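# Summary of the model geometry
Chain by chain, the residues:
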Amino acid sequence: MPEATPRMTNLVAVAVGLAAVVVVLGAYTRLVDAGLGCPDWPGCYGMILVPETAEEIARAEAAFPDSPVEADKAWPEMIHRYAAALLGLVVLAMAVLAIKERLPWKLPVALVLLVIAQGAFGAWTVTLKLWPQVVTTHLLGGFATLALLWVWWLGLRHPPWRVATSLRGLSTTALVVVVIQVALGGWLTANYAALACPDFPTCHGVWIPDMDFAAGFDIFQDVGPNYLGGLMSSDARVAIHVVHRLGAVAVLAVAGWLAFRMGARPLAWVLGGVLALQLALGIANVVFALPLAVAVLHNAGAAVLLLVVVTIYHSIRPSGA
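What this report covers is the structure whose coordinates are included nearby.

## A short note on the overall build of the protein
- Within the protein one finds 10 helices and 2 strands.
- Going from the N terminus to the C terminus, the protein shows its helices and strands as α-α-α-α-α-β-α-α-α-α-α-β.
- Computed over its C-alpha atoms, the radius of gyration of the protein comes to 21 Å, within 12% of the 20 Å expected for a compact globule of 321 residues.
- Across its three principal axes, the protein shows a C-alpha extent of roughly 70 × 60 × 30 Å.
- When the 321 residues of the protein are sorted by exposure, 46% land in the buried category.
- Sequence separation of at least 24 residues holds for 78% of the intrachain contacts in the protein that already meet a minimum separation of 6.
- Carbon and sulfur atoms make up 71% of the accessible area of the protein, which totals about 15,800 Å².
- Positive and negative side-chain charges in the protein, numbering 17 and 18 respectively, have mean positions lying 21 Å apart.

## Some details on the side chain of Gln181
- Here Gln181 shows up in helix 6 (residues 168–190).
- A relative accessible area of 12% means that Gln181 is categorised as buried.
- Contacts of Gln181, omitting those with residues within four sequence positions, involve His244, Gly247, Ala248 and Val251.

## Regarding the packing of helix 3 (residues 71–100) against helix 5 (residues 132–157)
- Where helix 3 contacts helix 5, the axes come no closer than 13 Å and their chain directions differ by 40°. Taken together, the axes of helix 3 and helix 5 lie oblique to each other. Of the two elements, helix 3 crosses helix 5, and the hand of that crossing is left-handed. Listed contacts from helix 5 to His80, Leu87 and Met94 of helix 3 are His138, Thr145, Leu149 and Trp152.
- Its residues assigned to classes, the contact of helix 3 with helix 5 shows 4 nonpolar, 3 polar and no charged.

## Some remarks on the nonpolar core
- Ranked by internal contacts, the top residues of the largest apolar core, which has 56 residues, are Met94, Leu149 and Leu271.
- In terms of residue count, helix 10 (residues 292–314) provides more of this core than any other element does, 9 residues in total.
- Other than its neighbours up to four places away in sequence, Met94 contacts Met8, Leu11, Val12, Ala15, Leu149 and Trp152.

## Here's the deal with a nonpolar patch on the surface
- A grouping of Ile48, Leu49, Ile79 and Tyr82 is seen on the molecular surface, where their side chains present a nonpolar patch of about 400 Å² in accessible area.
- Tracing the backbone shows Tyr82 in helix 3.

## As for helix 8 (residues 234–262)
- Taking 1.5 Å per residue, 29 residues should reach 42 Å; helix 8 reaches 42 Å between its end C-alpha atoms and fits that length.
- Gly263 lies just past helix 8 and shows a positive phi near 80°.

## Remarks on the packing of aromatic side chains
- Summed over all chains, the structure comprises 4 aromatic pairs.
- Their ring planes at 80° and their centres at 5.0 Å tell us that Phe121 and Trp124 sit as a pair that is edge-to-face. Placement of the pair is Phe121 and Trp124 together in helix 4 (residues 106–127), with a separation of 3 residues, close to one helical turn.
- Residue Trp124 is classed as partly exposed on the basis of its relative accessible area of 41%.
- Taken together, a centroid distance of 5.3 Å and an interplanar angle of 20° make the contact between Trp257 and Phe260 stacked. Residue Trp257 and its partner Phe260 are located together in helix 8, separated by 3 residues, close to a single helical turn.
- Given the relative accessible area of 45%, Trp257 is considered partly exposed.

Criteria and cut-off values
Residues numbered from 1 in each chain as written. Predicted model: local features only at pLDDT ≥ 70, side-chain atom pairs only at ≥ 80, totals over all residues. Heavy atoms only, no water. Helix = DSSP H or I, 4+ residues; strand = E, 2+ residues; numbered from the N terminus. Rg over C-alpha atoms; globule rule 2.2 N^0.38 Å. Buried < 20%, exposed > 50% of the residue type's maximum accessible area, 1.4 Å probe, protein only. Contact = heavy atoms within 4.5 Å. Areas by Shrake-Rupley, 256 points an atom, 1.4 Å probe, with all protein chains shown as cover. Lys, Arg positive; Asp, Glu negative; His and termini not counted. Charge placed at Lys NZ, Arg CZ, Asp CG, Glu CD. Axes fitted to C-alpha atoms, helices over the stretch in contact; angles between N-to-C directions. Parallel < 35°, antiparallel > 145°, perpendicular 65-115°, else oblique. Left-handed = near helix turned anticlockwise from the far one by under 90°. Nonpolar A, V, L, I, M, F, W, Y, C, P; charged D, E, K, R; others polar. Core = buried A, V, L, I, M, F, W, Y, C linked by side-chain atoms within 4.5 Å. Patch = residues over 30% accessible without salt bridge, like charges linked within 9 Å, V, L, I, M, F, W, Y side chains within 5 Å. Salt bridge = Lys/Arg side-chain N within 4 Å of Asp/Glu carboxyl O. Expected span 1.5 Å × (residues − 1). Phe/Tyr/Trp six-rings, centres within 6.5 Å; stacked < 30°, edge-to-face > 60°.

In structure tokens form, the structure reads like this:
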């Protein structure tokens with residue numbers, strides 16, 4: 001099997017960077033309530049760009065009378081779409097190049113299919129009016145795309161990191177726990193539960209607040225007319241928020257133990273540092289009532305944490321190998 005060319009290696013690096021940008025832009029779009037900034041897909045009010053002139057706005061609002069034009073929300077949504085579309089084109093180019101140069105093709109083709117699925121979920125996010133199931137799946141798809149591209153890059157670069165095979169089980173557990181926590185974070189965001197508990201470490205001044213787990217984690221809820229702002233009761237949102245906090249404790253315990261078991265290795269220090277930063281950002285989100293910059297950084301930190309754990313899992317080698 002021929003080795004990857006520098007062109008392919010550079011393309012994968014570009015795709016990793018683009019995927020990271022798309023993940024951060026997606027977080028920003030959700031946090032500024034711009035998920036429905038454009039009421040249609042893939043255009044915006046039937047246009048390639050956001051309508052801005054008086055004539056364009058009049059035409060847009062005539063076509064979508066229930067969705068008045070808000071350029072400050074439409075632009076974040078469209079910039080996110082432009083970045084996602086560019087990533088899709090780069091991933092497609094890499095798949096074509098891999099087949100042409102007779103390189104391993106399964107991962108590139110899987111990424112093409114994943115990006116196509118992401119496009120579909122992006123459309124459903126709009127057409128189903130921010131239905132939490134679709135929003136959460138779309139977020140997970142973005143993280144999966146970033147992680148798979150990172151795995152591809154690691155395979156091409158052959159980094160010199162080594163992690164003993166004795167840590168395979170622990171690193172697998174850490175990876176599973178982090179993915180579950182990312183999903184919980186997506187569900188929390190999709191249901192607008194980030195501020196359901198306004199204090200820390202208690203919630204509404206008590207350790208065990210009133211919670212409605214059945215409603216909070218009802219994944220079979222009907223499609224509503226519009227989920228902007230959320231439709232769940234306060235107790236349901238508190239349940240989501242508390243479970244997300246418990247998930248953070250689980251991540252801290254498992255990934256922290258992994259970092260400790262790895263000893264004084266650079267990857268262990270990186271993992272410990274990212275865990276500490278994520279904990280600080282999560283607490284700051286509650287204490288300071290979800291500042292936009294902190295919330296975006298918390299989402300980006302989740303992506304970095306996932307990549308660090310993926311790197312550790314990918315670096316498992318027999319002793320002396």
